[in-house]
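Single-letter residue listing:
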Amino acid sequence: MIQGNLSLFEEDFSRIKERVQEKKPQPGDDTPTTSTPEVPPAAENTTDKPHPESQPPNMEPYSLIELIDKFAQLEIKQVQMEHTISTLQSGQTTAQNNNNPQPRPSDTEGEIGLSALCAMVKRIQDNEEALKQETRQLREEVQRLQDEVTMLRSEPVRLPTPPQETAEQQIPEDQPNQSAAPPSQDVITDTEEWRYFKALTKTPTPLEENMFRLENGTPGPRVYLRPKESVHIPLKYQTFLCDHSVALQGPSFLPTGRSSEVAKKTGSNTVLAKTIKVTFEAEDGKPMSICQVNVEPTPHVVDQSFRLYHPELCFLKKAIRLPPWHDPTVGDPDARTHISVRCSDPNVICQTKMLAAGEPQDVYLKVPGSPSPHIKMLFVMVFTDKWMAAPSQIWQIYVHFLERVDVNCVSGQRSCQSLVVRGKQAVRKVKCFSSHPQEIQVDPAGVFVLPPGAVQELQLKVQPWRTGSRFLYMSAVDVEQRRLLTAWLLCLTVHRPVLSKAFEVCVPVGGGGRGTSRRITYTNPYTSTRAFLLRSDHPDLLQFKEDQFQIGGGESYAIGLRLAPSQSSGSVEILVYVNNLQEKTEETFCVKVNYS
């Protein structure tokens with residue numbers, strides 16, 4: 001870096017010299033000799049400024065950029081001073097030559113010009129010595145700067161930059177969320193931490209307390225060394241960077257044979273290898289030793305995986321309960337374990353709070369939202385030791401962001417909802433899938449063609465059987481590429497229907513493997529013949545003799561029920577729905593079964 005900056009400086013310095021030589025007057029130029037010379041702004045009013053010799057030169061070291069600017073300014077100023085002296089001397093010679101009688105337009109103009117020339121000669125004689133002394137000072141300053149440039153070429157300079165990291169791929173520096181994280185490569189300055197890592201790694205090197213001195217404004221800790229003395233500097237490397245790319249969904253195009261195995265093995269690496277340089281510098285900034293650390297990360301072990309579904313473009317706030325941890329090295333079983341967490345994504349807030357002994361502890365996550373159907377993957381590392389030497393658990397968390405659709409319905413009754421699928425740039429064959437096919441039916445149910453830029457409407461038939469709030473998922477998939485096109489998050493709010501009648505049935509426990517049969521009478525409230533469907537929210541406990549029946553207007557029908565036996569005592573409520581052919585509920589019966 002220093003050699004490159006010196007080369008740029010030499011090129012700039014050469015260009016400055018060329019511009020000055022172009023502006024410097026040549027001996028053959030027709031320069032007016034009777035006019036007052038133009039003095040550059042840097043050289044004007046030199047008699048009003050304090051003399052350069054009255055102030056000692058600034059011997060403080062300059063940075064590389066300041067050194068280049070200073071050197072160029074002084075060189076330009078030196079050339080300007082030489083130009084001024086040369087112009088003043090030529091003006092003095094011209095003034096002497098003007099003492100000879102010359103033809104003038106008038107005596108008045110001649111007397112005025114001669115007086116101006118005499119005043120100019122007097123001023124030149126007064127300022128010539130001062131200009132020579134200032135030129136001498138400038139030459140000494142330029143010589144000193146040239147010596148410093150020569151020293152820069154031969155010796156390295158300590159620059160206030162962080163340790164250099166090189167890798168095959170540029171990776172952003174990791175930033176933890178709960179507290180400020182140490183850099184990837186750091187010096188262990190705490191004696192207790194040093195002792196902990198020595199015991200952990202079984203390192204037999206000596207340990208010296210209070211060996212490092214930390215000062216503000218220094219790039220790193222300092223240590224005092226006597227002549228010929230050797231010390232051990234403890235270094236640690238820790239990073240929270242992980243590969244957040246999610247594997248593409250679709251068929252694999254890797255060739256068969258050994259090459260495919262190599263490709264799969266190479267793709268498992270989470271972070272590419274990189275090199276870190278650690279520099280040990282003397283007090284004067286000269287490097288005494290440079291240590292090169294080659295980092296080759298290996299894939300980490302995942303203890304648990306989580307898949308979370310959330311509406312798109314909304315923050316996900318999630319609390320994950322931690323299992324109870326106990327440190328076997330601590331004798332007191334009621335002692336609290338120091339737990340800290342870190343996240344591989346700097347944009348995700350991940351933290352935990354220490355609570356009283358015996359209280360459950362949670363890990364809180366706050367993940368920024370993304371558009372549908374984006375999938376965000378991150379890692380959470382849980383540490384149970386104070387110095388975060390190794391994680392106790394590593395969690396892999398997938399967050400699926402889906403388009404939200406709110407549905408309000410009644411249990412046992414079918415509700416319809418419309419969705420829209422928009423075509424992309426190519427023709428696709430699409431099929432829709434749901435997370436609960438018993439409760440959600442989609443039309444079209446099979447594969448359909450989606451033209452480019454077209455809009456396809458989907459009809460959802462939602463018929464839930466349990467009350468409360470739930471989340472169901474709907475996906476549109478390209479069957480040829482096997483990739484997700486669009487996903488929806490169905491937020492169901494299911495209400496309890498109005499009960500027409502309630503029945504109570506006692507069933508003996510066991511029952512010899514046989515169930516119990518009962519009958520319920522239903523009367524057609526219409527004056528015309530109607531067909532009805534029978535549904536139940538517990539098909540495993542209650543079955544109908546006939547799932548569909550047809551009766552005339554005002555007639556009655558005996559609904560046959562068969563209750564399955566149970567091996568344990570208790571009670572359960574079973575809802576029986578009488579629906580029409582459009583799955584709209586006509587009446588609802590509640591059958592309470594007591595197993596005794």
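Since this is a predicted model, take the numbers as computed values, not measurements.

Analysis parameters
- Residues numbered from 1 in each chain as written.
- Predicted model: local features only at pLDDT ≥ 70, side-chain atom pairs only at ≥ 80, totals over all residues.
- Heavy atoms only, no water.
- Pairing = 2+ DSSP bridges.
- Helix = DSSP H or I, 4+ residues; strand = E, 2+ residues; numbered from the N terminus.
- Axes fitted to C-alpha atoms, helices over the stretch in contact; angles between N-to-C directions.
- Buried < 20%, exposed > 50% of the residue type's maximum accessible area, 1.4 Å probe, protein only.
- Arc of directions from axis to C-beta.
- Contact = heavy atoms within 4.5 Å.
- Polar contact = N/O pair within 3.5 Å; in protein donor to acceptor, adjacent residues only side chain to side chain.
- Phe/Tyr/Trp six-rings, centres within 6.5 Å; stacked < 30°, edge-to-face > 60°.
- Lys NZ or Arg CZ within 6 Å of the ring centre and 35° of its normal.
- pLDDT = per-residue confidence, 0-100.
- Core = buried A, V, L, I, M, F, W, Y, C linked by side-chain atoms within 4.5 Å.

Student: Looking at this model, I keep getting lost on the sheet that holds strand 17 (residues 440-443). Mind explaining?
Tutor: By definition, the strands of a sheet pair up through backbone hydrogen bonds, in either a parallel or an antiparallel sense. Overall, antiparallel pairing links the three strands, which are arranged 15-19-17 in an open sheet. What marks the edges here is a single partner per strand, and that holds for strand 15 (415-422) and strand 17. Adjacent strand axes in the sheet meet at a mean angle of 25° when their direction is disregarded. Inspection of the sheet shows strand 17 paired to strand 19 (residues 455-462) by four bridges, in the antiparallel sense. Its bridge partner being in strand 19, Asp443 is matched across the sheet by Gln459.

Student: Just to check I follow, could you spell out the sheet that holds strand 25 (residues 542-544) for this structure?
Tutor: Pairing within the open sheet is antiparallel, and its three strands lie in the order 23-27-25. In this open sheet, the two edge strands, each paired with only one partner strand, are strand 23 (516-523) and strand 25. Recorded for the sheet is a direction-independent mean angle of 30° between the axes of neighbouring strands. Direction of pairing for strand 23 relative to strand 27 (residues 556-563): antiparallel, over a ladder of eight bridges.

Student: Honestly, the pairing of strand 12 (residues 362-367) in this entry has me stumped. Any pointers?
Tutor: On a regular strand, one side chain projects to one face of the sheet and the next to the other, so that they alternate. Summarising the sheet, strand 9 (residues 316-321) and strand 12 pair through six bridges and their orientation is antiparallel. Within strand 12, the position partnered with Lys318 by the bridge is Leu365.

Student: Would you mind showing me how to read helix 4 (residues 191-201) here?
Tutor: In an α-helix, one full turn covers 3.6 residues, which means residues spaced three or four apart are oriented alike. Residues Thr191, Glu193, Trp194, Phe197 and Lys198 constitute the buried set of helix 4. Looking down the long axis of helix 4, one finds its buried residues gathered within 160° of arc, a one-sided arrangement. On its buried face, helix 4 sits against strand 3 (212-213) and strand 5 (235-237). Measuring from the backbone nitrogen of Glu192 back to the side-chain oxygen at the start of helix 4 gives 3.0 Å, which picks out Asp190 as the cap. A positive backbone phi angle near 55° is found at Lys202, which sits one or two residues after helix 4.

Student: It is not clear to me how the packing of aromatic side chains should be interpreted in this structure. Could you clarify?
Tutor: Working definition: an aromatic ring pair is given by the centre-to-centre distance plus the angle between the planes. Going through the model one piece at a time under the given rule, you end up with twelve aromatic pairs. Between the aromatic rings of Tyr522 and Phe532, the centroid separation amounts to 5.4 Å while the plane-to-plane angle is 75°, which identifies the pairing as edge-to-face. A residue pair is termed long-range when its members are at least 10 positions apart, and Tyr522 in strand 23 and Phe532 in strand 24 (residues 530-536) qualify at ten residues. Using a relative accessible area of 1% as the deciding quantity, one classes Tyr522 as buried. An aromatic cluster is built from Phe503, Tyr522, Phe532, Phe549, Tyr557 and Phe589, whose rings are joined through pairwise contacts. Sitting above the plane of the Phe315 ring, Lys366 keeps its charged end 5.0 Å from the centroid.

Student: Even after reading the chapter, I still don't get the confidence of the model for the protein, so can you show me in this structure?
Tutor: For any part of a model where pLDDT is low, the fine detail of the predicted coordinates should not be relied upon. Residues at a pLDDT of 70 or more form 70% of the protein, whose mean pLDDT is 77. Here residues 1-6 scores under 50 on pLDDT; set against residues more than four positions off or in separate chains, the count is ten contacts. This stretch, residues 101-110, has a pLDDT under 50; its non-local contacts, to residues over four places away or in other chains, come to two contacts.

Student: Just to check I follow, could you spell out the nonpolar core for this structure?
Tutor: One recurring pattern in soluble globular proteins: nonpolar side chains tend to sit buried together. With 22 residues, the main nonpolar core has Leu419, Cys432, Leu458, Leu460, Met474, Trp488 and Leu490 as its most contacted residues. At the level of elements, strand 14 (393-410), strand 15, strand 16 (428-434), strand 17, strand 18 (448-450), strand 19, strand 20 (468-478) and strand 21 (483-495) are the ones that each hand at least two residues to this core. Looking at this core, the element that brings in the most residues is strand 21, giving five residues. Filtering out sequence-adjacent residues up to four positions away, Trp488 remains in contact with Leu402, Glu403, Val405, Leu419, Val420, Val421, Leu458, Leu472, Tyr473, Met474, Ser475 and Ala476. Counting 21 residues, the second largest nonpolar core, distinct from the first, contains Leu542, Leu561, Leu563 and Val578.

Student: Would you mind going over unusual backbone geometry with me for this structure?
Tutor: Glycine aside, negative phi is the norm for most residues, and most peptide bonds take the trans geometry. A cis amide bond links Ser372 to the next residue, Pro373, at an omega of 0°. Along the chain, Pro373 falls in the loop between strand 12 and strand 13 (375-383). The omega angle of the peptide bond from Asp443 to Pro444 is 5°, so this bond is cis rather than trans. Unlike most non-glycine residues, Lys202 shows phi in positive territory, near 55°. On the secondary structure map, Lys202 appears in the loop between helix 4 and strand 3. Look at Met388: it is not a glycine, yet its phi comes out positive at around 50°. Take Met388: it is sitting in the loop between strand 13 and strand 14. The buried category is assigned to Met388, whose relative accessible area is 11%.

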